[in-house]
Amino acid sequence: MSKELFVVLLPILMPGLLAIANMIAIIIKRSHVVSWFLTGVGFLVGMLLAGTLEFNVVGLETTLFVFDGLYQVALGLLYAAGFVVVIFSHSYLMGSAKPIEEYYLLLSLALMGAAVLTAGSHLVTVFLGFELLSISLVVLMAYLPDRPGCMEAGLKYFVMAAVSGACFLFGMALMYAAVGYMELSKLMKFAQTISPDPLFFAGLALVLVGVGFKLAIFPFHMWISDVYRGSPVPITAFVATVSKGAVLVVIVRLFVWGDGWSLGWWWHLMAIFAAASMWAGNLLALLQRNLKRLLAYSSITHLGYILVALLSGGAHSVAAAWFYFLSYMLVTLGAFGVVTALSHDRDEFEDLYQYGMIGRKKPFYAFVLAIMMFSLAGVPLTVGFCGKLSVLMVGIDAGNWVLIGMMLINSAIGIFVYLRVVVIMYMRPVEEKVDLESIHWIAPTGLRQFVLVMLSVLVVLMGVFPKPCIQVMHWAARSVF
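Each value, and the rule that gives it
Residues numbered from 1 in each chain as written. Predicted model: local features only at pLDDT ≥ 70, side-chain atom pairs only at ≥ 80, totals over all residues. Heavy atoms only, no water. Helix = DSSP H or I, 4+ residues; strand = E, 2+ residues; numbered from the N terminus. Rg over C-alpha atoms; globule rule 2.2 N^0.38 Å. Buried < 20%, exposed > 50% of the residue type's maximum accessible area, 1.4 Å probe, protein only. Contact = heavy atoms within 4.5 Å. Lys, Arg positive; Asp, Glu negative; His and termini not counted. Charge placed at Lys NZ, Arg CZ, Asp CG, Glu CD. Expected span 1.5 Å × (residues − 1). Phe/Tyr/Trp six-rings, centres within 6.5 Å; stacked < 30°, edge-to-face > 60°. Lys NZ or Arg CZ within 6 Å of the ring centre and 35° of its normal.

Another aspect to go through is the overall build of the protein. The secondary structure content of the protein amounts to 19 helices and zero strands. The C-alpha radius of gyration of the protein comes to 21 Å, within 12% of the 23 Å expected for a compact globule of 481 residues. Expressed along its principal axes, the backbone C-alpha trace of the protein runs to roughly 65 × 55 × 40 Å. A total of 481 residues make up the protein; the buried ones form 62% of that total. Within the protein, contacts between residues separated by at least 24 positions form 80% of all contacts whose residues are at least 6 apart in sequence. Separation of charge centres in the protein, based on 26 positive and 23 negative side chains, amounts to 5 Å.

For helix α4 (residues 101-119), which comprises 19 residues, the first-to-last C-alpha distance of 29 Å matches the rise-based estimate of 27 Å (1.5 Å per residue) to within 8%. With 17 of its 19 residues buried, α4 lies for the most part within the structure.

Here we take up the packing of aromatic side chains. For the structure on display, the rule yields 16 aromatic pairs. Where Tyr103 meets Tyr143, the ring centres are 5.8 Å apart and the plane angle is 65°; that geometry is what we call edge-to-face. In this pair, Tyr103 sits in helix α4 while Tyr143 sits in the loop between α5 (123-141) and α6 (150-179), placing the two residues 40 residues apart along the sequence. For the residue pair Tyr103 and Tyr143, the accessibility class agrees, reading buried in each case. Aromatic side chains Tyr305 and Tyr324 sit 5.9 Å apart centroid to centroid with 85° between the ring planes, which places their arrangement in the edge-to-face category. One end of the pair, Tyr305, is in helix α12 (residues 291-310); the other, Tyr324, is in helix α13 (residues 315-341), and 19 residues separate them in sequence. Taken as a pair, Tyr305 and Tyr324 share a single burial class, namely buried. Here the aromatic cluster, defined as three or more aromatic residues joined through ring pairs, consists of Phe65, Phe67 and Tyr71. A cation sits over an aromatic face here: Lys186 above Tyr181, 6.0 Å from the ring centre.

Next comes the structure, spelled out in structure tokens:
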């Protein structure tokens, strides 16, 4: 292995090394603080490694991996999201009667699976990344069996992972039988031929079904609300950001390498998925009483918006899609961070009407959650507004008027969905069964509050000055082409 290859592989190997370090620490002495600190520092180091790769090193390609700008940017974002999840996990798990050191070990392995997906250029690599991510998440979702809904969430995600993995693996076999190789770039070029093998098309369809289940776009979204609802809040945040971000890299590579904009059947299929996801997510979220379920259905809608950007064509569309994902990631982490701050491993603060008058009783958390809801709704001076504006601009340039019209209508519906949460927090009386004054936090909250402040500042700052982030996304998008 050359020095350059080892350097670019190191951010992928980092979570595995971190898992080994955690195992050694557990053998020596069980300590929640030690495992938490090791994982947090490891994720932070991994983010710095991904962000400081030299430009002359990025661009290497092997049979199994491709190391381009998208790999560097996506992996840095996933490490950052993982670091935030680790911070939120500390107070949530503190005081648990169950040994919790393995939680951080599994979190490292899940991030390693996501890291593999960001660089995967071979069907075998992508499948291994999917499986490592999925198996780790199944255990993490069911990690607190005494909490209601936890085992159900783990079981449902296990069934989804098994079905999607089977579809993906069978699709791999059919595509290999048709062409005799598994490199994604070659496979997608073969898809552009005038009359490819029907066996190849069947395999490609099954691969797309497997990816669709992982991304939870319509109509492969049935698992998402129950899994979000039953999983521990930090793991829900991890699934909503790290897991989906890693799968989004796979979608982008398939679309770019296959020149999906020139393949009419593929473009129209993705357009149907985008439109159906926007409508289904918003309509399902309209009357949700559970905040975690509301955010689950909301994620379907926002993935529809990301697909609208991707369908516009060219590097600008990829950059717009990733900038929108960045805005969604920041806001989702902030929203779940507030839920985590008001919850612990035995009781979660998730019923929407429990938040009545929290604006007066717990003003800091209410203010942070309000900022996140405003951004999700696309209110100006937030990063959510800039994200939607970038999607609209590339969609208008491409002339996708039907999709843009649907996006505008659904954005108007989303204003009601998200501002309803703000109205409840500041104007609805709290339910009698909820004693806000009795809510206490088992661990010191200074670090968690600092992270929430930083997320809020980034949401506003990137809404006012989005240009630097957009330029980085354009650089990453051009490298894929």
